[in-house]
Each structure stands twice: as structure tokens, then as C-alpha cells.
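# Close look at the chain arrangement
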Amino acid sequence: MTSEVDFEPSRRGTVLVLPRFEDACVLSEGVGFDRLIAGEERLVYVQPCVAERGRLMATINLGEAAGPPRQAFDPAILCSLLGAYRSRLAEVRCSPGLGIGKMRWKGREISLFRRGKIVIRRALNERDVYRTIRFLLRLIWGSVTCGLCGRTAVNCVVNECGRCARAPPAREKAQTVRLEALLSAPLWTKGYEDLERAAAEISSLQDLVAKLPVEGPHPPIERLESDFRRYVQRAVHSALLFVIETPERDKAVLGLALMGLAHGLEMVHGSSMRILRRLEGEPDLLGALPEAEGPIKAVLGAMRTAWEINVEAMRAFRHGDSDSGLRVKKRYGKLREDLSKLEEETARSGDERLRLVIEDLVREVGTIAQRGLFAAQLVA
Ligand SMILES: [Zn+2]
Ligand SMILES: [Zn+2]
């Protein structure tokens, strides 16, 4: 006998909130993906292959399917996605500057151009053409420009644009999915775990900043940094596999969400490093100058809060916890107020050098906090 209802949390497993998007968003409507896959004539042009007799080639106009924005995808993100999938492709060449990507996939030759032209050569037959298109659209999805806001999918997924996320109507519960119900779930879990490892490296980096000035030789910042990059890359790799291997588009978006979080952690890491370098460059502000002590302490406290917001937002996403996501949003608002106050107070103190340092640090702390807000927008 099977039961439809299962109240036991342990048996229910991991429940994730499915982020929802406006209809015209690249994450919802999928860049006219359906029209491409359905082989709408104007968008997909199939002819005999010039590279190999008996095979087919196809020219696809993603730009037109998408809307058309100035560029159909972001070349830098495209190249990083091809890099993350490199082990399963051959002869990958990608130039962010030229906006061209080339590769071989299972014998097919594929070229991608910034404006959205895609050429597939050496396809076996029409079915093979559409199989390749379907694969490609998932592979490059994260880099595709949204027709609604003009940003790329990895930005839209955490609603950086402020336009693409759609809140569930009042009193309506968010749509959720049980992770374990997806065959590709292990890929998602692996990706999330690597994000947590990357986050732990950021925590270590921030511990170091809080302890400034560090006496004697530095702990190995370079190692913290290389470990961080490795975890982020691994997370993006798993996330991409999840996006490719999860059939339903609304669930595959959860992999793009991991990519959006990975991108956010990179920005937090960059800001934390700049805070560290800025303080190291002004050694006498730390300790020796009594009037600096208060503001510096305050801004470092705010840095910790900003980072905690990120950690809480990631957990909220991991556990499909919308209430926790809402708390993060409130905390973000409060922190923003505190940061403005701190800046005003420092400006009134009249010390120009201190004012400039605090201004720089507040900007970086603001970036860190904002990434937490974006992460929270996945669930709230
Ligand atoms: Zn969008
Ligand atoms: Zn957007």
C-alpha cells in the first residue's frame, strides 16, 4: 500500500523552492527554446553538410528566438561554461573578446557566435540536429541574454535585475520540489556542497581580516584563494551537469541557481580580498590611531554581518525555507541603514583619510551584503 501523504520530515528529504520568473524571462520562456526545438523554419535552417558528404548542417538563429537583444549570449560566461564542460567536449576554443565559441561534441562540429548564430556541422540526420540543439541550449543557457531585462540567465536567476523574479501571489504557497525525486539530485547536492566549501574559505579569509594587524608572517592567503577557486569551479561543473541532465526546465533552473550563487561567492571573495588589502595599506589605522578604532571596528562588524547574511541565505535556499529568506531581506535593510549612518558619522569627524578608507570599506561591505540579498531572492 502506498501513501500519498508523507508528514515525516526525514522521509520527505530535501525540499527546494522552485524560483518563478516572468513569462518573457530567459528562465521561464527559455529564449524561444521550444520554438527552436520544434524547428520553426525561420529559426532553424537545415541543409546538406559542406564538411562531410551524407551528413547535415544546421544554422540556428538564437538571437531572433530570444527577442532579439544586442547579443544573444555573454561570451565570457559562455567560455566559462564550455570550460566547465571541457572534459566531455573536444577541440574547445572560445574567445570572450571575439565572442566566438567552437567545439566538437560526439562528432558534431559546433560554432557559436555572440549575436546568436549557431552552426552545427556533421549531424547524422534531422533528429540528430534537434538532439544537438536541445543539448546546446542547456549547455549555454546560463550565458543567454534575457529578452526581458537584457542581463544573462545567471544574473536573472537571483533577480539581480529586479525584474525577472515573480513572487507567488499573496497567500499562495511557493512551488516546491523534493530533490530526491530527481534522478540528477546527486549532481545538485555535490554542487551545493562545493559551494559550502568555497564559503568556508571565505569565512577563513574574513577571520584573517578581523584579526588585522596580523603579527609575523601571513597565513597562506594564496592557498585560501586557490582552494576557493577550485571549489567554485567544481560547483559550477556539477551545476552545469545538473542543468543538462534534468529534463524539466523549471527544475533544471535549480542548477542555474547554483551558478548564480557561485558567481555571488566570487564577488564576495573579491570584496573581502579588497578589504584586506585596503587595511594592510593603512597599517596605522589599525590600533595606532585612536579615533580610527571605532569606525574600523564598526565596519568590520558590518562585514561579518554581511557575510552571515550570505550564509543564512544559502541555507534558506538549501532547505527551501522562505521565512528565513524573508528574515535575510529584513537584516539586509537594517545593515544598509547602519552602513549609511557609519559613513555620515565618519564624514562629520573631519578626518579626510579615515573618511576615504571607510567609504571604500563600506562600498565593499555593501557588495557582500547585496549578494546575500540576491541569494535570499531565490526563496523569498
Ligand atoms: Zn530574465
Ligand atoms: Zn533579469
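Preceding this paragraph is the structure being described.
Residues numbered from 1 in each chain as written. Chains lettered and ligands numbered in written order. Predicted model: local features only at pLDDT ≥ 70, side-chain atom pairs only at ≥ 80, totals over all residues. Heavy atoms only, no water.

### Some details on the coordination of the zinc ion (ligand 2)
Ligation of the zinc ion (ligand 2) by protein atoms is provided by Cys149 (SG), Cys156 (SG), Cys161 (SG) and Cys164 (SG), these donors lying 2.2 to 2.3 Å from the ion. Seen from the zinc ion (ligand 2), its four donor atoms lie at angles of 95 to 136°, and the figure they make is irregular. Counting residues between consecutive donors of the zinc ion (ligand 2) along the chain gives the motif C-x6-C-x4-C-x2-C. Between the zinc ion (ligand 2) and the zinc ion (ligand 1) the interatomic distance amounts to 3.1 Å, and Cys156 serves as a bridging ligand to the pair. Judged by relative accessible area, which is 0%, Cys156 ranks as buried. Residue classification places Cys161 among the buried positions, given a relative accessible area of 19%. (Donors = N, O, S within 2.8 Å, 3.2 Å for Na, K, Ca; no water. Tetrahedral: all angles 85-135°; square planar, octahedral: opposite > 155°, others 65-115°. Buried < 20%, exposed > 50% of the residue type's maximum accessible area, 1.4 Å probe, protein only.)

### Quick word on the state of the cysteines
Enumeration over the complete set of coordinates arrives at one disulfide. Note that Cys79 is cross-linked by a disulfide to Cys94, the S-S spacing being 2.1 Å. Here Cys79 and Cys94 share a disulfide; its torsion about the S-S bond, -80°, makes the bridge left-handed. Highlighted residues: Cys79 in helix α4 (residues 75-84) and Cys94 in strand β4 (residues 90-95), separated in sequence by 15 residues. Exposure remark for Cys79: the relative accessible area of 14% places this residue in the buried category. (Disulfide = S-S within 2.5 Å. Helix = DSSP H or I, 4+ residues; strand = E, 2+ residues; numbered from the N terminus.)

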